Amino acid sequence: MSLHAAPADPFIVARGLGYGRRDERVFGPLDFSLDAGCIALVEGDNGSGKTTLLRVLSGLLHPTTGEARVLGAAPGSEQARAGCAALGHLLGLKGDLTVQENLALGTGLYGAREDADAQAMLEHAGLAGYAHEPVRTLSAGQKKRAALARLALLPAPLWLLDEPYANLDRNGIALVNALLAGHAARGGAALVTSHGAVAFYEGVGYTLRLGT
Amino acid sequence: MSASALPRAFLAMLRRDVVLAWRRRGDALLPVLYAVIVTTLFPFALGPEHALLARISGGVVLVTVLLAMLLSLDAVFRGDLEDGALEHMLLAPQPLALLMAARMLAYWLVTALPLVLVAPLLAYMLGLDAVAQPVLLLALLLASALLDLLGIVLTALTVGTRRSGMLLSLMLLPLAVPVVIFAAGAVGAAQQGLPWIAPLAWLAAALALALVLAPLACATALRIALDS
Amino acid sequence: MNAFKLWYHKLGSPPYFYLFAGYIRPWLWGIALLLAAVGLYGGLVLAPPDYQQGDAFRIIFVHVPAAWMSLFIYGVMAVSAFIAVIWRPKMAEVLAMESAPIGAAFTLIALITGSLWGKPTWGTYWTWDARLTSELVLLFIYLGVIGLYHAFEDPRQGARAASFLAMVGAVNLPIVHYSVVWWNTLHQGTTVRYFGPSSIAPSMLWPLLVMTIAAKFYYGASLMGRSRVALLSLERGKDWVRAEVAGAPAGG
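For clarity, every value in this text was computed on a predicted model and none was experimentally measured.

Peer 1: I'd love a proper account of helix α7 (residues 133–157) of chain B, names of residues and values included.
Peer 2: With 25 residues, α7(B) extends 36 Å between its outermost C-alpha atoms, agreeing within 8% with the 36 Å of an ideal straight helix rising 1.5 Å per residue. The element α7(B) is extensively covered by neighbouring structure, given that 20 of its 25 residues are classed as buried.

Peer 1: I'd love a proper account of the environment of B:M89, names of residues and values included.
Peer 2: All names here are of chain B. Residue position: M89 is located in helix α5 (residues 85–91). As for M89 and G127, which are separated by 38 residues in sequence, their C-alpha atoms are 46 Å apart. Apart from the residues within four sequence positions on either side, M89 is in contact with M13, R16, D80, L96, L99, M100 and R103.

Peer 1: Can you break down the sheet that holds strand β1 (residues 12–21) of chain A residue by residue, with the values?
Peer 2: Residues and elements named next belong to chain A. If you walk across this open sheet you meet the three strands as β2-β1-β4, and the pairing is antiparallel. On the outer flanks of this sheet lie β2 (24–34) and β4 (65–70), each paired with one strand and no other. Here the average twist between neighbouring strands, direction ignored, is 25°. Two strands pair when backbone bridges link them, and β1 and β4 are joined in this way by five bridges, in the antiparallel orientation. Bridged to V13 within β4 is R69. Lying over the sheet, helix α2 (residues 50–58) contacts β1, β2 and β4, oriented at roughly 60° with respect to β2.

Peer 1: Any details on the nonpolar core? Residues and values, ideally.
Peer 2: Grouped together as the largest cluster of nonpolar side chains are 192 residues, with contacts concentrated most on A:L53, A:L57, A:L180, A:L191, B:F77 and B:L222. When residues in this core are grouped by element, the largest group, 16 residues, is from helix α6 (residues 96–126) of chain B. Aside from chain neighbours lying at most four places away, what touches A:L53 is A:L17, A:F27, A:L30, A:F32, A:V42, A:L208 and A:L210. With 14 residues, the next largest nonpolar core counts C:Y18, C:A21, C:A221 and C:V241 among its residues.

Peer 1: Account for the packing of aromatic side chains, with residues named and values stated.
Peer 2: Residue and element names in this part refer to chain C. Applying the stated criterion to the full structure yields 11 aromatic pairs over all chains. Plain terms: the ring middles of Y74 and Y142 are 5.4 Å apart, the flat faces sit at 65° to each other, and that makes the pair edge-to-face. With Y74 in helix α3 (residues 60–87) and Y142 in helix α5 (residues 130–151), the pair connects residues that are 68 residues apart, well separated along the chain. Grouping residues by exposure puts Y74 and Y142 together as buried. Measuring from ring centre to ring centre gives 5.6 Å for W126 and W128, while their planes differ by 85°; the resulting arrangement is edge-to-face. We classify W126 as partly exposed; its relative accessible area is 29%. What makes W128 partly exposed here is its relative accessible area of 45%. Members of the aromatic cluster, connected to one another through ring pairs, are W29, F106 and Y218.

Peer 1: So what's going on with the interface of chain B and chain A? Residues and values would help.
Peer 2: Accessible area lost upon the coming together of the parts is a frequently used measure of interface size. Every contact between the two is made by 30 residues of chain B and, on the other side, 28 residues of chain A. Of the roughly 2,600 Å² buried where chain B meets chain A, counting both sides, 54% is carbon and sulfur surface. A per-residue breakdown of the area chain B buries against chain A is headed by B:H88, B:L91 and B:P93, which together make up 25% of the total. Taken together, the links from chain B to chain A amount to five salt bridges.

Peer 1: Help me get a handle on the domain arrangement of chain A, residues and values and all.
Peer 2: Residue and element names in this part refer to chain A. For chain A, the domain assignment lists domain 1 (1–83 + 157–174 + 186–212) and domain 2 (92–155). Measuring from the centre of the C-alpha atoms in domain 1 to the corresponding centre in domain 2 gives 23 Å. Between domain 1 and domain 2, the contact holds 13 residues from the first and nine residues from the second. Roughly 860 Å² of surface becomes buried between domain 1 and domain 2 when both sides are summed, with 58% attributable to carbon and sulfur atoms.

Peer 1: Lay out the side chain of B:T64 with the relevant residues and their values.
Peer 2: Considering the arrangement of structural elements, one finds B:T64 in helix α3 (residues 50–73). Of note is the side chain of B:T64, whose polar atom sits 2.6 Å from the backbone oxygen of B:V60.

Scoring rules and cut-offs
- Residues numbered from 1 in each chain as written.
- Chains lettered and ligands numbered in written order.
- Predicted model: local features only at pLDDT ≥ 70, side-chain atom pairs only at ≥ 80, totals over all residues.
- Heavy atoms only, no water.
- Helix = DSSP H or I, 4+ residues; strand = E, 2+ residues; numbered from the N terminus.
- Expected span 1.5 Å × (residues − 1).
- Buried < 20%, exposed > 50% of the residue type's maximum accessible area, 1.4 Å probe, protein only.
- Contact = heavy atoms within 4.5 Å.
- Pairing = 2+ DSSP bridges.
- Axes fitted to C-alpha atoms, helices over the stretch in contact; angles between N-to-C directions.
- Core = buried A, V, L, I, M, F, W, Y, C linked by side-chain atoms within 4.5 Å.
- Phe/Tyr/Trp six-rings, centres within 6.5 Å; stacked < 30°, edge-to-face > 60°.
- Buried area = accessible area lost by both parts, 1.4 Å probe.
- Salt bridge = Lys/Arg side-chain N within 4 Å of Asp/Glu carboxyl O.
- Domains from an automatic or database assignment.
- Polar contact = N/O pair within 3.5 Å; in protein donor to acceptor, adjacent residues only side chain to side chain.

Here's what the structure looks like:
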């Protein structure tokens, strides 16, 4: 919805954004903005605050300094949540539900993209034969693929992806890049973290380096 | 957000919890088993004297159901916290309170309802008068729903902590006191042939209030407990 | 008004509060001890024995102030907790959390003295009297707040969660009290009314009031002391704490 509302406005604006735990700096202060159609990479070593940055932008943590606007609203507000989808270290898949049920739960909570087709998406993600398998029987890489498939079905124009390449083989990495390319082509934007060991998406708009 | 998004999310959440419980239906029966065991112990401790058991039957069944609910309350958010599903609920575009309302309803259907259904049998075994049976059932329906709502709010508060089992009992006890008093008061009055509607009306009023406030409080509690 | 606002904002900053608390704490202690001495002398020596209970009634000079304080402190804690949950200032969290153990201690004192008093009056140490029962539930509420606070690894998060619980308890407390009163009349028929407002003689009343005020000053003194320690722990790593800790041996 925000896609068409104000295409000129950046999806994310951060001014002096920083977070500290018990008065110790975790990251920041950062100044950056993310426009529609742009895929930005957040790079840094372990412990440099990549995950924390995404948690602040999704509204799970309150920034301790500066401020951020996500889709023109405060992070975590209803307006921001409506256009934002996140993928973290914990995938949020229920092990006792089948892959298809997990996807249906995702679209039940977030809504589904109009042109989304769960079956085609599963095939695209290399899970064609697994739709009715309980998620707990899948391997770590397959779980990641299922979570990515769920993400790609959602209508959210802004993706916050924490280490989407982790646990994936070469084909899986290609899958992430293909999903990012499709997302950017639709006018979506994404902030993607990585500790910098794999071949990322080639169309990266810019790189945000943390922890220097 | 379209108008259909709210009921859709509510139903998706409700469906999820019920399906999950069905896939683990053995676990869902454990509280019922616990209630049966506890009730069975009372005659052994107090002797099989009918008059005594009949007199305490209502109270014993109420307290047993409360304890059985408490036993499983601790686990309401644990699985979702461990696999990250809880974060997805917090990040979903729907109001968190709506999703929590669905969870509360699901938890009541899955855990409290079987207990309420087995309670008349337990009360009968202890010799509760037939006239008081419907009152007990009604009191249990109201009291279990109320404890479900209050208990889940408190469980949400303990989500970020390491050990929560005993703590949860300590936190829930003060809230359970009025519920137990009114529910047992109604059953006691019915046993003595006195009017019993007033305490139940109070419980129903409290339930109406809790239905509105508890999901909101639960959402606030979750955000507090998970914000670090 | 402006001066008050400035003072309020200054007090909200931990280093300033630390200094302020350290400054007023000895005064609060002094006033509390003085008033307690006067009140106890008046209550235990000057007041005549009760014509029914003899000297046993003298426990009220401890019991009644403790019982009042258990509620008063809960009130203070609930207000701080409300502020802590809504506006998240650090000082409100500290005050709410450091009030809880003091309130629990007063509740425990009220319970113990109440049951000691119960032995000569009712012939038993414990009876399910409405007031004693409510006080027992209040103790559980306090313990729940304290327990929840300590269950979190991050003290600020624990303080906010426990503050929320304290607010729930504030709503629950009157409900508990009235339901217990109702339950009590239902099962016992007679409530022992041991303390009517008109039945107390002035010679007993003034020591009681003095003791109540002494208890409030003691609460203030204890709260200031506890808050200072809590602030040092919460703010460790900050410059003012380093300076304070490093300067302490040299300065005194």
